[in-house]
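Here are the chains, one letter per residue:
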Amino acid sequence: MDQKILQKIKKKLETEVQKLSKNIKKFKEVPNMGSSSEDNAEGMEAFSENVDLSKKYKTMLKESKMALKRIEENEYGICAKCKKVISSERLQAYSAAIF
């Protein structure tokens, strides 16, 4: 893979890791539920949505970190199943791709 493209992807992944880590920290805070049952219901709904989103962010964070590790180990861009080269177009579109 072209080194300029690889460095661009690496920088993109590093930025993604920072953003995801920051967003995950935000979701660890339990919202103030309020005093009425309506406030409690709205707070719980928001908290539930945040938990789902946090799980998605954690998965994305793990994938991005794994991609950075593969770059460091010179294994980036190789399919985890068939060991063939993944196209640079695919990797630029989805930097954490392993297939």
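Everything below is about the structure shown above.
Chemist: So what exactly am I meant to see when it comes to a negative patch on the surface here?
Modeler: On the surface, E38, E42, E45, E49 and D52 cluster together to form a negatively charged patch. Looking at where E42 falls in the secondary structure, it is placed in helix α2 (residues 37–72).

Chemist: Help me understand unusual backbone geometry, please; the structure alone is not making it clear to me.
Modeler: Negative phi is the rule for most residues except glycine; trans is the rule for most peptide bonds. Residue N74 is not a glycine yet carries a positive backbone phi of 55°. Note on placement: N74 falls in the loop between α2 and α3 (88–93). Its relative accessible area of 71% is what places N74 among the exposed residues.

Chemist: Explain a positive patch on the surface to me, please; I cannot follow it from the model alone.
Modeler: Among the surface-exposed residues, K25, K28, K55 and K58 lie close enough to one another that they form a single positively charged patch. One can find K55 in helix α2. Looking at K55, the relative accessible area reads 54%, which means it is exposed.

Chemist: Help me understand the nonpolar core in this model?
Modeler: Nonpolar side chains tend toward joint burial in soluble globular proteins. Core analysis: the largest hydrophobic core is formed by 18 residues, its most contacted members being L13, I71, Y76 and L91. Contributing elements (two or more residues each) for this core: α1 (3–27) and α2. For this core, the leading source of residues is α1, giving seven residues. In this structure I71 touches L6, K10, L13 and Y76, once residues within four positions along its chain are discounted.

Chemist: I'm lost on the pattern of salt bridges in this one. Help?
Modeler: Two side chains that carry opposite charge are able to pair once their charged atoms sit near each other. Following the criterion strictly, the structure yields one salt bridge and no others. For K10, the salt bridge is made with E72, and the minimal N-O distance between the two is 2.8 Å. Of this pair, K10 sits in helix α1 while E72 sits in helix α2, placing them 62 residues apart in sequence. The class of E72 is exposed, set by a relative accessible area of 52%.

Chemist: Before we go on, may I ask you to explain the side chain of R70 in this structure?
Modeler: Structurally, R70 can be placed in helix α2. As a buried residue without a salt bridge, R70 has its nearest oppositely charged side chain in E75, at a separation of 6.5 Å. In this structure, R70 is in contact with E75, Y76, A96, A97 and I98, ignoring residues within four places of it in sequence.

So, how was this worked out
- Residues numbered from 1 in each chain as written.
- Predicted model: local features only at pLDDT ≥ 70, side-chain atom pairs only at ≥ 80, totals over all residues.
- Heavy atoms only, no water.
- Patch = residues over 30% accessible without salt bridge, like charges linked within 9 Å, V, L, I, M, F, W, Y side chains within 5 Å.
- Areas by Shrake-Rupley, 256 points an atom, 1.4 Å probe, with all protein chains shown as cover.
- Salt bridge = Lys/Arg side-chain N within 4 Å of Asp/Glu carboxyl O.
- Lys, Arg positive; Asp, Glu negative; His and termini not counted.
- Charge placed at Lys NZ, Arg CZ, Asp CG, Glu CD.
- Helix = DSSP H or I, 4+ residues; strand = E, 2+ residues; numbered from the N terminus.
- Buried < 20%, exposed > 50% of the residue type's maximum accessible area, 1.4 Å probe, protein only.
- Core = buried A, V, L, I, M, F, W, Y, C linked by side-chain atoms within 4.5 Å.
- Contact = heavy atoms within 4.5 Å.

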